[in-house]
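# Close look at the chain arrangement
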Amino acid sequence: MKFKTIFITGASAGIGQACAEIFAEAGARLILLARRREKLIKLSADLLKKFGTESFSIECDVRNFKSVEKVINNLPQEWKNIDVLINNAGLARGIEKIQDGVLENWEEMIDTNIKGLLYMTRLLLPDMIKRGEGHIVNIASLAGRYVYPGGNVYCATKFAVKALSEGMIIDLNGTGIKVTNVDPGLVETEFSEVRFRGDKERAKKIYEGYTPLTGKDIAEIVLFAVSRPQHVMIQDILITPTDQANPYILNKKSN
Ligand code: NAP
């Protein structure tokens, strides 16, 4: 990964932050994007201290096309050649049934998980294509393979990401650009706290009674996929905790 430039969206927490750490350790330079600037600044300082990593932090909301466009068009010259885009920024909000659905939640999930990913990809791909190399990693989900109760719109956004990964693989054939879709099962991050709007107790319960994945577990897989030789493209990865067979079968021990 030496001298490679990795652009990570949603780098301020969870899987994105773990990707930043693992790619930093592997010698890459990083562009870190999220809305919480103070988290990025701290991460960037920590990575510099620990690994001597060069990084560029961007406070941006991926839902806002104009902001994303401005950020990408104004990247300093030395940060313009992106080797890898990790489309990770994403979230779930609520678990209401469709008939009780909260429009604001639906819009936030659709705008972040689908449209944000599309904006980033659309803006960065032309340059990758011009250079004849690049790699897009889309963090989708097990929720993009199965619909679970209350998952409705979140699952729909992740089914969409999966479809987009497949579409990208088709459209980019012959350009030298690789695409990898990553579907994690249960990973302990801020994800559930965000889903339950700051209810820490409720969020904690999601990860009790079994060993969930960590952000690092996913980051290691992403690093593996991205560091294959140019002629090898890992298209699709499903990774779950050993205790999770699918969204409905989880070996949870009650105490
Ligand atoms: P997390 O800890 O809550 O991290 C989410 C990241 O996305 C944060 O850095 C957040 O940063 C960023 N983000 C959210 N909305 C954004 C926006 N509008 N603009 C820019 N950045 C935004 O959750 P995570 O588990 O690491 O989730 C990362 C990805 O993995 C998501 O796409 C999620 O759907 C997927 N995933 C998670 C799990 C799981 O069990 N945790 C399983 C499968 C898939 P700011 O708040 O600072 O903007």
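Preceding this section is the structure that the text describes.
The text that follows walks through the structure, step by step, so that each part is easy to find. (Residues numbered from 1 in each chain as written. Predicted model: local features only at pLDDT ≥ 70, side-chain atom pairs only at ≥ 80, totals over all residues. Heavy atoms only, no water.)

### Notes on the overall build of the protein chain
Here is the rule we go by: The way it works is that DSSP assigns letters per residue, a run of H or I at least four long becomes a helix, a run of E at least two long becomes a strand, and they are numbered from the N terminus. Only the C-alpha atoms count toward the radius of gyration. The rule for a globule is 2.2 Å times the residue count to the power 0.38. Buried residues are those whose accessible area, probed at 1.4 Å on protein chains only, stays under 20% of the maximum for their type, while exposed residues exceed 50% and partly exposed ones sit between those limits. Lys and Arg are tallied as positive, Asp and Glu as negative. Neither His nor the chain termini are counted. Throughout, a charge is located at the NZ atom of Lys, the CZ atom of Arg, the CG atom of Asp or the CD atom of Glu.
Of regular secondary structure, the protein chain possesses 8 helices and 9 strands. Computed over its C-alpha atoms, the radius of gyration of the protein chain comes to 18 Å, within 12% of the 18 Å expected for a compact globule of 255 residues. In terms of overall dimensions, the protein chain has C-alpha extents of about 50 × 40 × 35 Å along its principal axes. Split into buried and exposed, the 255 residues of the protein chain put 47% on the buried side. Taking the average location of the 34 positive side-chain charges in the protein chain and that of its 31 negative ones, the two points are 2 Å from each other.

### A short note on the site of the ligand
Rule in force here: Residues are classed as near a molecule or strand on a simple rule: at least one heavy atom within 4 Å of it. Any N or O atom pair separated by 3.5 Å or less is treated as a polar contact, with the protein-specific requirement of one donor-capable and one acceptor-capable atom, and with residues adjacent in sequence counted only for side-chain atom pairs. All accessible areas in this document rest on Shrake-Rupley with a 1.4 Å probe, and a residue is counted as covered only by the protein chains that are shown. For this classification, the nonpolar set comprises Ala, Val, Leu, Ile, Met, Phe, Trp, Tyr, Cys and Pro, the charged set comprises Asp, Glu, Lys and Arg, and every other residue, Gly included, is treated as polar.
Residues in close proximity to the ligand total 30 residues, the closest being Ser12, Ile15, Arg35, Tyr154 and Thr189. Within the contact set of the ligand, an oxygen atom lies 2.9 Å away from a side-chain nitrogen or oxygen of Lys158. Glu190 is positioned with one of its backbone polar atoms (N or O) 3.1 Å from an oxygen atom of the ligand. Within the complex, the protein chains bury 96% of what would otherwise be the 880 Å² of accessible surface of the ligand. When contributions to the shell around the ligand are tallied by element, the ones reaching two or more residues are helix H1 (14-25), helix H5 (152-171) and helix H6 (191-195). The residue makeup of the shell around the ligand, split by class, is 15 nonpolar, 9 polar and 6 charged.

### Re the pattern of salt bridges
The criterion, for reference: The term salt bridge refers to a side-chain nitrogen of Lys or Arg lying within 4 Å of a carboxyl oxygen of Asp or Glu.
With the rule as written, the count across this model stands at 16 salt bridges. When the shortest N-O distance is used, the salt bridge between Glu108 and Arg63 registers 4.0 Å. Taken together, the residues span a long stretch of sequence, with Glu108 in helix H4 (residues 103-131) and Arg63 in the loop between strand S3 (55-59) and helix H3 (65-73) at a distance of 45 residues. Judged by relative accessible area, Glu108 falls into the buried class, the value being 9%. One salt bridge in this structure joins Arg131 and Asp83, with 3.9 Å as the shortest N-O distance. Of this pair, Arg131 sits in helix H4 while Asp83 is found in the loop between H3 and strand S4 (84-87), placing the two residues 48 residues apart along the sequence.

### What about the sheet that holds strand S7 (residues 236-239)?
The following threshold applies: Two strands qualify as a pair provided that DSSP identifies no fewer than 2 bridges between them. Interaxial angles span 0 to 180 degrees and are taken between N-to-C directions of axes, which are lines fitted to C-alpha atoms, for helices over the stretch in contact. We call two residues contacting when some pair of their heavy atoms lies within 4.5 Å.
What the 7 strands build is an open sheet, ordered S3-S2-S1-S4-S5-S6-S7; its pairing is parallel. Since the sheet does not close on itself, it has two edges, and those belong to S3 and S7, each with one partner. The average undirected angle you get between the axes of adjacent strands in this sheet is 15°. Across 5 bridges, the pairing between strand S1 (residues 5-9) and strand S2 (residues 29-34) is parallel. Paired with Thr9 across the bridge in S2 is Leu33. Seen against the sheet, H4 touches S1, S4, strand S5 (134-139) and strand S6 (177-184) and runs at an angle of roughly 170° to S4.

### Quick notes on the environment of Met168
Mapped onto the fold, Met168 is located in helix H5. Along the backbone, Met168 and Arg63 are 105 residues apart, and their C-alpha atoms lie at a distance of 20 Å. Not counting residues up to four positions away in its chain, the partners in contact with Met168 are Leu117, Thr121, Ile136, Asn138 and Val179.

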